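A look at the structure
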Amino acid sequence: MEIRVLAFAGLRELLEGPERDLELPTGARVRDAWAALAQRWPALDDLRASTRVARNGRIATFDDALADGDELALLPPVGGG
Amino acid sequence: MEIRVLAFAGLRELLEGPERDLELPTGARVRDAWAALAQRWPALDDLRASTRVARNGRIATFDDALADGDELALLPPVGGG
Amino acid sequence: MFRVVREPIKPRELERIARAGDGGVVTFLGIVRARADDGRAVTGLSYEAFEPMAVSVFESIAGEVRDRFGDVATAIVHRVGELAVGEISVAVLATALHRGTAFEGCRYAIDQLKARAPIWKKEHYAGGASEWKANA
Amino acid sequence: MFRVVREPIKPRELERIARAGDGGVVTFLGIVRARADDGRAVTGLSYEAFEPMAVSVFESIAGEVRDRFGDVATAIVHRVGELAVGEISVAVLATALHRGTAFEGCRYAIDQLKARAPIWKKEHYAGGASEWKANA
């Protein structure tokens with residue numbers, strides 16, 4: 001299956017762009033998407049504890065299952081206001 | 001001596017105008033000015049407890065002495081905001 | 001900026017008091033309501049003030065805001081005359097480095113203004129009656 | 001009114017949400033400061049947002065304001081893109097029958113926005129360095 005990864009702020013810079021399409025095996029969870037990205041960008045490993053994720057616009061956990069066509073947003077610590 | 005009385009809101013309406021010049025004996029206090037006004041407008045008697053006074057722009061008491069040329073403001077309960 | 005004015009209040013003018021270091025600006029606007037506290041329909045309000053003393057009370061309140069909450073600049077503008085429903089009767093702006101002090105300063109200033117400023121309000125009701133109304 | 005915008009924020013536009021019965025309107029404006037918390041001179045900020053989720057968080061916050069404080073209407077507008085020192089980054093307006101609920105609602109909304117809304121800020125410093133800064 002294929003998902004779309006959205007990255008913001010420092011994560012967007014690290015991933016060299018705001019969007020990445022990611023091919024994952026059926027049954028993959030959020031943590032598998034993260035691991036696939038960290039394989040290519042090892043600096044992600046240090047950022048997992050501070051990163052929240054949103055699946056299709058709603059806050060999710062690293063244990064949540066993914067489905068084909070999902071949009072997975074990677075959210076660094078926020079700084080709005 | 002002569003003082004000027006300023007009246008606001010309901011007191012202004014009661015005294016039929018925003019300003020009244022008042023002739024008082026030397027040594028008169030705020031309470032004497034009030035009594036002189038209440039002689040002409042007896043409805044003032046009911047309002048004394050709720051009225052604050054300012055002498056030359058500063059909050060005063062009914063015991064304060066007056067001097068020639070003073071400006072005595074009669075302040076009903078406030079309603080600003 | 002401490003003023004009693006006859007013309008409509010322009011809230012953004014109060015922002016002029018903000019300093020270069022300020023990061024939070026809190027504004028309170030009082031609006032003429034269409035209903036009195038007792039439910040009667042209000043057609044408009046008249047405000048009057050003992051103007052020099054009102055301005056001096058505004059200045060005192062701003063000083064108390066600094067004493068209590070730190071480095072906060074405060075502006076207070078109150079309108080007098082005839083006001084229609086929906087118009088702004090008072091604007092209080094507090095500006096500070098951080099939002100907490102701006103919120104606290106603005107709240108203190110409007111609470112004190114309502115309790116102490118020599119300003120009076122007459123409510124005009126549908127049907128023609130009117131009444132001077134003190135703050136509770 | 002819940003928006004993420006690129007153009008300068010016009011705070012008075014948020015007043016449109018006021019209802020006929022409202023007597024108190026409280027507005028918070030966040031302003032770009034010339035100094036970072038660590039004292040470095042700031043030449044400007046870049047904000048970016050996950051826009052649909054940010055708007056949805058603004059709506060959730062406004063619902064929480066009603067649940068907690070009663071009949072308060074809330075508007076939230078956050079700017080993104082490049083902002084200069086002194087410009088408005090965020091405007092939060094709360095309007096209610098009485099001022100107490102408007103103050104509480106506005107304060108809750110900006111506090112929650114800062115904690116939860118998917119919006120990020122990069123500080124640009126004199127000399128050319130820049131850094132993403134999370135809220136404390």
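Reading guide: rules and limits
- Residues numbered from 1 in each chain as written.
- Chains lettered and ligands numbered in written order.
- Predicted model: local features only at pLDDT ≥ 70, side-chain atom pairs only at ≥ 80, totals over all residues.
- Heavy atoms only, no water.
- Helix = DSSP H or I, 4+ residues; strand = E, 2+ residues; numbered from the N terminus.
- Rg over C-alpha atoms; globule rule 2.2 N^0.38 Å.
- Buried < 20%, exposed > 50% of the residue type's maximum accessible area, 1.4 Å probe, protein only.
- Contact = heavy atoms within 4.5 Å.
- Areas by Shrake-Rupley, 256 points an atom, 1.4 Å probe, with all protein chains shown as cover.
- Lys, Arg positive; Asp, Glu negative; His and termini not counted.
- Charge placed at Lys NZ, Arg CZ, Asp CG, Glu CD.
- Axes fitted to C-alpha atoms, helices over the stretch in contact; angles between N-to-C directions.
- Left-handed = near helix turned anticlockwise from the far one by under 90°.
- Nonpolar A, V, L, I, M, F, W, Y, C, P; charged D, E, K, R; others polar.
- Least-squares fit on C-alpha atoms with pLDDT ≥ 70 in both.
- Buried area = accessible area lost by both parts, 1.4 Å probe.
- Salt bridge = Lys/Arg side-chain N within 4 Å of Asp/Glu carboxyl O.
- Pairing = 2+ DSSP bridges.

With that settled, the discussion passes to the overall build of chain A. Helix and strand counts for chain A come out as 2 helices and 5 strands. Scaling as 2.2 N^0.38, a compact globule of 81 residues should have a C-alpha radius of gyration of about 12 Å, and chain A matches this with 12 Å. Out of the 81 residues belonging to chain A, those deemed buried represent 44%. Contacts spanning at least 24 positions in sequence make up 50% of the contacts within chain A whose residues lie at least 6 apart. Looking at chain A as shown, the accessible area adds up to about 4100 Å², and 46% of this sits on carbon and sulfur atoms. A gap of 4 Å separates the mean positions of the 10 positive and 14 negative side-chain charges of chain A.

Residues and elements named next belong to chain C. Packing of helix 1 (residues 51–69) against helix 2 (residues 99–116) leaves a shortest axis separation of 9 Å and a crossing angle of 145°. Crossing handedness for the pair helix 1 and helix 2: right-handed. Along its contact with helix 1, which presents Val-57, Phe-58, Ser-60, Ile-61, Glu-64, Val-65, Arg-68 and Phe-69, the element helix 2 presents Thr-101, Glu-104, Gly-105, Tyr-108, Ala-109, Gln-112, Leu-113 and Arg-116. Taken together, the residues that form the contact of helix 1 with helix 2 break down as 8 nonpolar, 4 polar and 4 charged.

Okay, the relation of the copies chain D and chain C next. Its rotation angle being 180°, the transformation that places chain D on chain C also includes 0.0 Å of axial translation and leaves an RMSD of 0.0 Å. The transformation just described matches what one would write down for a two-fold rotation axis. Residue Thr-27 of chain D, judged by its C-alpha, is the member of chain D lying nearest the rotation axis, at 2.5 Å. Most of the interface of chain D is mirrored in chain C, where 100% of its interface residues are also at the interface.

Accessible area lost upon the coming together of the parts serves often as the stated size of an interface. With 29 residues of chain D at the contact, the number on the chain C side is 29 residues. A per-residue breakdown of the area chain D buries against chain C is headed by Arg-33, Arg-99 and Phe-103 of chain D, which together make up 26% of the total. At the boundary of chain D with chain C, the tally comes to 2 salt bridges. Of the charged contacts in the structure, one is a salt bridge between Asp-111 of chain C and Arg-99 of chain D, with a shortest N-O distance of 2.8 Å. Listed by contribution, the elements that provide at least two residues to the side of chain D that touches chain C are strand 2 (24–31) and helix 2 (99–116) of chain D. Examined bridge by bridge, strand 2 (residues 24–31) of chain C and strand 2 of chain D share 7 bridges and lie antiparallel to one another. Paired with Leu-29 of chain C across the strands is Val-25 of chain D, a residue of strand 2 of chain D.

What follows concerns the environment of Lys-121 of chain C. Along the chain, the position of Lys-121 of chain C falls in strand 7 (residues 119–125). Overall, the relative accessible area of 17% leaves Lys-121 of chain C in the buried class. Ignoring sequence-local partners within four residues, the contact set of Lys-121 of chain C consists of Gly-79 of chain B together with Leu-45, Ser-46, Tyr-47, Glu-131, Trp-132, Lys-133 and Asn-135 of chain C.

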